[in-house]
Amino acid sequence: MTYQIGICAKNIKSIRNPIKLSYSQVKKIVAIDQQHFNQKNNWYLINNRTCYYKDRSDARLLGELLSSDIINLLGKESGLATANYTPVFLGKKDKLGLASENIQSSDFAYYDLVTLSSLFPRLSKKYGQHTLSGLLDVLKNDKVHVPNFDEIKNQIITIYVIDWFTHQLDRNPRNILFECNLDEKGSLFSMNLAKIIDSETSFAVSKSHLIDTSFSKIWVPAIPYNDVDFKKRPERIEGLDYNIVNLLLDYPEETIAVLNRVLSTNFDQIVGRYSKRFDSEIYVCDDCISFLKAFTYEKLEEAEKIKSLW
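Anyway, here's the lowdown on the structure attached to this text. The numbers attached to residues start from 1 for each chain and follow its sequence in the written order. For a predicted model such as this one, the threshold for reporting local features is a pLDDT of at least 70, and the threshold for listing and counting side-chain atom pairs is 80 or more; totals across whole chains, interfaces and linings nevertheless cover every residue. Calculated side-chain values reflect all of the structure's heavy atoms, with hydrogen atoms and water omitted.

In this text, buried Ala, Val, Leu, Ile, Met, Phe, Trp, Tyr and Cys residues form a nonpolar core when linked through side-chain atoms within 4.5 Å. Think of it in three bands: with a 1.4 Å probe and only protein chains considered, a residue is buried below 20% of the maximum accessible area for its type, exposed above 50%, and partly exposed in between. Grouped together as the largest cluster of nonpolar side chains are 83 residues, with contacts concentrated most on L116, F120, F178, M191 and I211. Under the DSSP-based scheme used, a helix requires at least four consecutive residues in state H or I and a strand at least two consecutive residues in state E, with every element numbered from the N terminus. The element best represented in this core is helix 5 (residues 149-166), accounting for ten residues.

All right, on to the packing of aromatic side chains then. Working definition: rings of Phe, Tyr and Trp (its six-membered ring) pair if their centres are within 6.5 Å, and the pair is stacked with planes under 30 degrees apart, edge-to-face with planes over 60 apart, and tilted otherwise. Per the counting criterion, the structure on display carries twelve aromatic pairs. For the pair Y160 and W219, a centre-to-centre distance of 5.2 Å together with 65° between the ring planes defines the contact as edge-to-face. Taken together, the residues span a long stretch of sequence, with Y160 in helix 5 and W219 in the loop between strand 12 (211-212) and strand 13 (236-237) at a distance of 59 residues. Each member of the pair, Y160 as well as W219, carries the same accessibility label: buried. Where F230 meets Y242, the ring centres are 5.2 Å apart and the plane angle is 25°; that geometry is what we call stacked. Of this pair, F230 sits in the loop between strand 12 and strand 13 while Y242 sits in helix 6 (residues 242-250), and the two are twelve residues apart along the sequence. Across this residue pair, the class does not change: F230 and Y242 are buried. The structure contains a cluster of three or more aromatic residues connected by ring pairs, namely Y3, F203, F215, F291 and F295.

For D287, the location among the structural elements is in helix 9 (residues 286-307). Considered as a pair, D287 and Y3 are 284 residues apart in the sequence and their alpha carbons are 8.7 Å apart.

What follows is the structure in structure tokens.
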């Protein structure tokens with residue numbers, strides 16, 4: 001069974017005359033290289049603010065917005081938040097998508113997991129060679145000191161567990177950003193995760209951009225926990241998620257803290273926001289709401305079992 005989203009056009013704001021920005025304009029404000037910009041060339045000046053626009057009119061809208069709701073709620077205690085996504089119609093042709101104001105501040109330097117190797121040489125520069133356990137190990141033990149390691153560790157573990165819960169498949173090295181406070185010599189005062197972006201491939205959103213109830217129940221994260229080749233041989237441990245179980249074994253206190261937050265949350269209420277109402281921007285049918293609730297019930301049941309391992 002597959003589901004599409006519904007759209008209430010009358011409730012969605014229209015941006016009629018956005019100003020598209022060039023790379024030379026964007027790079028003054030955003031830490032992004034030319035290659036990455038070429039892949040994501042949708043930067044605009046909207047209401048005198050630099051914004052990124054995601055051209056979407058399908059179930060990825062729900063994946064992004066529903067994931068954002070959950071990240072902002074469960075991540076608040078660890079200092080996590082997402083970009084502020086707003087459904088809009090952009091330009092005279094009324095293209096539907098999500099606009100989000102630039103998340104970067106001129107007070108910090110920004111790195112993704114690929115470019116972070118300039119601060120931490122032990123990290124791989126190759127796109128597909130990262131693991132979460134390797135990242136945490138480098139941040140803890142590298143010669144470059146991370147004064148607030150416990151804080152960044154908790155943030156990384158929190159988003160990883162949330163991504164498992166939402167079945168997020170695309171938290172890749174290019175869309176996990178680190179906000180770094182550097183002195184004039186380039187020494188690190190502190191680092192945190194920047195606002196979370198690109199969570200649209202979640203909640204059974206398929207490659208064809210539909211919500212597909214036949215999705216694979218094995219979570220295959222873009223950044224595996226400790227097996228760089230996990231996607232080639234995905235597996236579970238006694239019916240439980242391989243990556244979260246191994247995270248629990250290495251960081252039990254931190255992992256259980258996030259699982260407890262997950263288990264104490266009313267996801268029926270969060271999912272229910274996407275039922276059709278008079279003020280809806282996007283929505284799904286009642287059967288899809290039932291599926292999404294069942295999706296969270298299964299994850300909650302697994303979270304209880306994973307927690308009981310310790």
